[in-house]
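Survey of secondary and tertiary structure
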Amino acid sequence: MAPLSPGFSPTIEFLRAAATETARRLVKRVRLEIGGDSPEEFSGIFHGLRDALLHAIRNSIDHGIEPPSERRESGKPEIGRIRIEVSARSEELVVTIQDDGAGIDPDSVLRRATELGLPSADRAKARTEILELLFVPGFSTLDRAGSVSGRGIGLDAVRALAETSGGSAEIDTTHGEGTTLVLRV
């Protein structure tokens, strides 16, 4: 990926520091790659997504990236990778956050939503409908809060922050291979 223009630097440095600190606290190893082809005039929009990106990175490290020993056992490099690609398409900024972690098991999401009594869990049948449950305010797949996540403030906050900027958030995943979150503003 090409490096982004200097206007993106303050947010990039903030995100790098947050990723390093989160990985350290969780005793995981992570490489954060950030780049793309977005012109300087989109740097303000990118900065406006800073908190959404922070939530997404923390979520990737805590829920997605496996500990080094698990990664090694599954044939992955010990260092997990989170890649943020920024691109401009017409008048829209597209930010893709992709990790090479464990991915999300849709069955466990549906099971947890049912345990929590979420009415939408009864209707969710398609994979995309199940993944949409991850954006429900207060939803967490964890039974109890950890030092980084599990309080139900995560993907719902990411979507809300994107929508505040006039955008959207979508998620896709492959269980065992990783997760991709796309923000469009």
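Up top is the structure.
Every chain's residues receive numbers from 1 upward, in the order its sequence appears when written. The model is predicted, so local features are restricted to residues of pLDDT at least 70 and side-chain atom pairs to those at 80 or more, both for listing and for counting; the totals for chains, interfaces and linings are taken over all residues. Remark: hydrogens and water are excluded; side-chain values derive from all non-hydrogen atoms of the structure.

1. Looking at the overall build of the protein chain
The condition that has to hold: Strands are runs of DSSP state E lasting at least two residues, helices are runs of H or I lasting at least four, and both sets are numbered from the N terminus onward. The contact definition used throughout considers only heavy atoms, calling two residues in contact when any of these lie within 4.5 Å. Here the accessible surface of atoms and residues is derived via Shrake-Rupley with a 1.4 Å probe, and residues count as covered only by protein chains that are part of the display. Charged residues are defined here as Lys and Arg on the positive side and Asp and Glu on the negative side; His and the ends of the chain fall outside this count. We put the charge of a Lys on NZ, of an Arg on CZ, of an Asp on CG and of a Glu on CD.
Each helix and strand counted, the protein chain has eight helices and five strands in total. Along the protein chain, helices (α) and strands (β) appear in the sequence α-β-α-α-α-β-β-α-α-α-α-β-β when read from the amino end. For the C-alpha atoms alone, the extent of the protein chain along its principal axes is close to 45 × 40 × 25 Å. Considering only intrachain contacts with a sequence separation of at least 6, the fraction spanning at least 24 residues in the protein chain is 69%. Summed over its atoms, the accessible surface of the protein chain is roughly 9,300 Å², and 49% of this surface lies on carbon and sulfur atoms. In the protein chain, the 23 positive side-chain charges and the 29 negative ones have mean positions that sit 5 Å from each other.

2. Observations regarding helix 3 (residues 50-64)
Note the threshold: Helix span, expected: 1.5 Å multiplied by one less than the number of residues in the helix. The cut-offs for exposure are 20% and 50% of the maximum accessible area for each residue type, with area from a 1.4 Å probe on protein chains only; residues under the lower value are buried, those over the upper are exposed, and the others partly exposed.
The end-to-end C-alpha distance of helix 3, which contains 15 residues, comes to 20 Å, matching closely the 21 Å that a straight helix rising 1.5 Å per residue would cover. All of the buried residues along helix 3 are Ala 52, Leu 53, Leu 54, Ala 56, Ile 57, Asn 59, Ser 60, Ile 61, Asp 62 and Gly 64.

3. Brief notes about the side chain of Asp 100
For clarity, the threshold we go by: We call two N or O atoms a polar contact when they sit within 3.5 Å, provided that within protein one can donate a hydrogen and the other can accept it, with sequence-adjacent residues counted only if both atoms are side-chain atoms.
Along the chain, the position of Asp 100 falls in the loop between strand 3 (92-99) and helix 5 (106-115). Side-chain polar atoms of Asp 100 contact the backbone nitrogen of Arg 81, separated by 2.8 Å. Those residues in contact with Asp 100 that sit more than four places away from it in its chain are Ile 65, Glu 66, Arg 71, Lys 76, Gly 80, Arg 81, Glu 177 and Gly 178.

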